[in-house]
Protein chains: 2
Amino acid sequence: MEGLKQYIRSIPDFPKKGILFRDITTLLKNPAKFKQVIDVFYDKYKDKKIEAIVAAEARGFILGGALAYKLDCAFVPVRKKGKLPAGTIEATYELEYGTDTICMHKDAIKPKERVLILDDLLATGGTAKAMCDLVGKTGGDIVGIAFMIELCDLKGRDKIKEYDIFTLITY
Amino acid sequence: MEGLKQYIRSIPDFPKKGILFRDITTLLKNPAKFKQVIDVFYDKYKDKKIEAIVAAEARGFILGGALAYKLDCAFVPVRKKGKLPAGTIEATYELEYGTDTICMHKDAIKPKERVLILDDLLATGGTAKAMCDLVGKTGGDIVGIAFMIELCDLKGRDKIKEYDIFTLITY
């Protein structure tokens, strides 16, 4: 999928000095490329009997909504603490300084439900691992974890290596 | 579209006492109902030559991503300040106490581009009006504004009455 890479804009020193930010908005505003991304994910998972896509705010919602529609499956949002209105389960992960917590409704996934975890970016893997923990707490079955972009140097893959991982664009 | 209403969960006193929160996550986890929502929007706009959907984080991204895929158009995210990496334009709107600011990349929409603004909820109309202001600054053409839910008592419609407004579920 290296044909997609030229549609990702690289922005130095965002959100802070020394970080080269991979901006997907330039891809999202190209209808053919946005469609290609979703269709590649669809082809990968269409025979896997996916029942729910779990995706984290905010950018994960864009791809997750589109793929859930195409796969004809449920969409389950993972959000920062305090954003989901009903009873939640939580998972905490390490940041460079401190920790962060993400939440999912505790009734969002049924035991044995076949789940695809989807996000735009695999960096250190902290969020992805926390999403796996959330799905694990519900008893859901993680069929795969998919990302549009993987930043290989950060070795996020090591945190979730027991799962089937699929990435479209690597740096 | 009153058949959709039973899939919206109403949660009292969220995010604070006295607010009856309309929770769309129960609809999103029903594949047939999520599909129905997107297909109704698609039927409404499929002949309107929509070139871009503009949607605000976070919940607007779920519907916006799905509908942009189906309409084969661009997806343009509107985000809180500090989240978009390239040059932005801003719009500010009033909250109950204070103000909030939302941003869009300044190169996201071209002059005359045919835009659909989409969000999950029309409440006071502050965010919707600010999104209209953002698109207006780029010279884009607002073909319509669509919401899954309209809270009629809050009269948000009055703030954006010069536009074509479409809502699926009303309270």
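This section reports on the structure supplied with the text. (Residues numbered from 1 in each chain as written. Chains lettered and ligands numbered in written order. Predicted model: local features only at pLDDT ≥ 70, side-chain atom pairs only at ≥ 80, totals over all residues. Heavy atoms only, no water.)

## Thoughts on helix α2 (residues 31-45) of chain B
Residue and element names in this part refer to chain B.
Working step 1: Relative to the 21 Å expected for 15 residues at 1.5 Å per residue, α2 spans 21 Å between its end C-alpha atoms, a close match to the ideal helical length.
Working step 2: Looking at α2, one finds that the buried residues are Lys33, Phe34, Val37, Ile38, Val40, Phe41 and Tyr45. Looking straight down α2, one finds its buried side chains confined to an arc of 150 degrees; they lie on one side.
Working step 3: The backbone nitrogen of Ala32 lies 3.1 Å from a side-chain oxygen of the residue at the head of α2, namely Asn30. (Helix = DSSP H or I, 4+ residues; strand = E, 2+ residues; numbered from the N terminus. Expected span 1.5 Å × (residues − 1). Buried < 20%, exposed > 50% of the residue type's maximum accessible area, 1.4 Å probe, protein only. Arc of directions from axis to C-beta. Polar contact = N/O pair within 3.5 Å; in protein donor to acceptor, adjacent residues only side chain to side chain.)

## Some details on the interface of chain B and chain A
Working step 1: Every contact between the two is made by 37 residues of chain B and, on the other side, 37 residues of chain A.
Working step 2: Here chain B packs against chain A, burying approximately 3300 Å² in sum over the two surfaces, 63% of which is carbon and sulfur.
Working step 3: Contact with chain A buries surface across chain B, with Lys29(B), Tyr69(B) and Pro85(B) losing the most and accounting together for 23% of the total.
Working step 4: Taken together, the links from chain B to chain A amount to two salt bridges.
Working step 5: In this structure, Asp107(A) and Arg9(B) form a salt bridge, with 2.8 Å as the shortest nitrogen-oxygen distance.
Working step 6: Our enumeration of links across chain B and chain A arrives at 14 residue pairs in polar contact (both at pLDDT 80 or more).
Working step 7: For the side of chain B that touches chain A, the secondary-structure elements that each account for two or more residues are β1 (9-12), β2 (20-23), α1 (25-28), α2, α3 (59-71) and β4 (74-80) of chain B.
Working step 8: Considering each element in turn, the side of chain B that touches chain A owes the most residues, eight residues, to α3(B).
Working step 9: Counted by class, the side of chain B that touches chain A contains 21 nonpolar, four polar and twelve charged residues. (Contact = heavy atoms within 4.5 Å. Buried area = accessible area lost by both parts, 1.4 Å probe. Salt bridge = Lys/Arg side-chain N within 4 Å of Asp/Glu carboxyl O. Nonpolar A, V, L, I, M, F, W, Y, C, P; charged D, E, K, R; others polar.)

## Concerning the sheet that holds strand β9 (residues 165-170) of chain A
All names here are of chain A.
Working step 1: Spatial ordering of the open sheet is given by β5-β6-β4-β3-β7-β8-β9, a layout of seven strands whose pairing is mixed. Taken across any chain shown, the strands that pair with only one partner, and hence form the sheet edges, are β5 (88-94) and β9. Geometrically, the sheet is characterised by an average inter-axis angle of 20 degrees between neighbouring strands, direction not taken into account.
Working step 2: In terms of strand pairing, strand β3 (residues 52-56) meets strand β4 (residues 74-80) through five bridges, oriented parallel. Paired with Val54 across the bridge in β4 is Val76.
Working step 3: Across the sheet, helix α4 (residues 126-138) is in contact with β3, β4, β5, β6 (99-105), β7 (114-122) and β8 (141-150); its angle to β5 comes to roughly 150 degrees. (Pairing = 2+ DSSP bridges. Axes fitted to C-alpha atoms, helices over the stretch in contact; angles between N-to-C directions.)

## Quick word on unusual backbone geometry
Working step 1: Cis geometry marks the peptide bond from Phe14(A) to Pro15(A); its omega dihedral reads 0 degrees.
Working step 2: Turning to its location among the elements, Pro15(A) is positioned in the loop between β1 (9-12) and β2 (20-23).
Working step 3: The peptide bond linking Glu57(B) to Ala58(B) adopts the cis configuration, its omega dihedral lying at -10 degrees.
Working step 4: Relative to the helices and strands, Ala58(B) resides in the loop between β3 (52-56) and α3.
Working step 5: Not every positive phi belongs to a glycine, and Asp72(A) is a case in point at roughly 60 degrees.
Working step 6: Unlike most non-glycine residues, Lys155(A) shows phi in positive territory, near 55 degrees.
Working step 7: Relative to the assigned elements, Lys155(A) resides in the loop between β8 and β9.
Working step 8: Overall, the relative accessible area of 53% leaves Lys155(A) in the exposed class.

## Some words on the relation of the copies chain B and chain A
Working step 1: If you rotate chain B by 180 degrees and push it 0.0 Å along the axis, it lands on chain A with an RMSD of 0.0 Å. Accordingly, the operation relating the two chain copies is best matched by a two-fold axis. Every residue of chain B has its C-alpha some distance from the rotation axis, and the shortest such distance is that of Ala66(B), at 1.8 Å.
Working step 2: Take the interface residues of chain B: 100% of them recur as interface residues in chain A, which is what a same-surface contact looks like. (Least-squares fit on C-alpha atoms with pLDDT ≥ 70 in both.)

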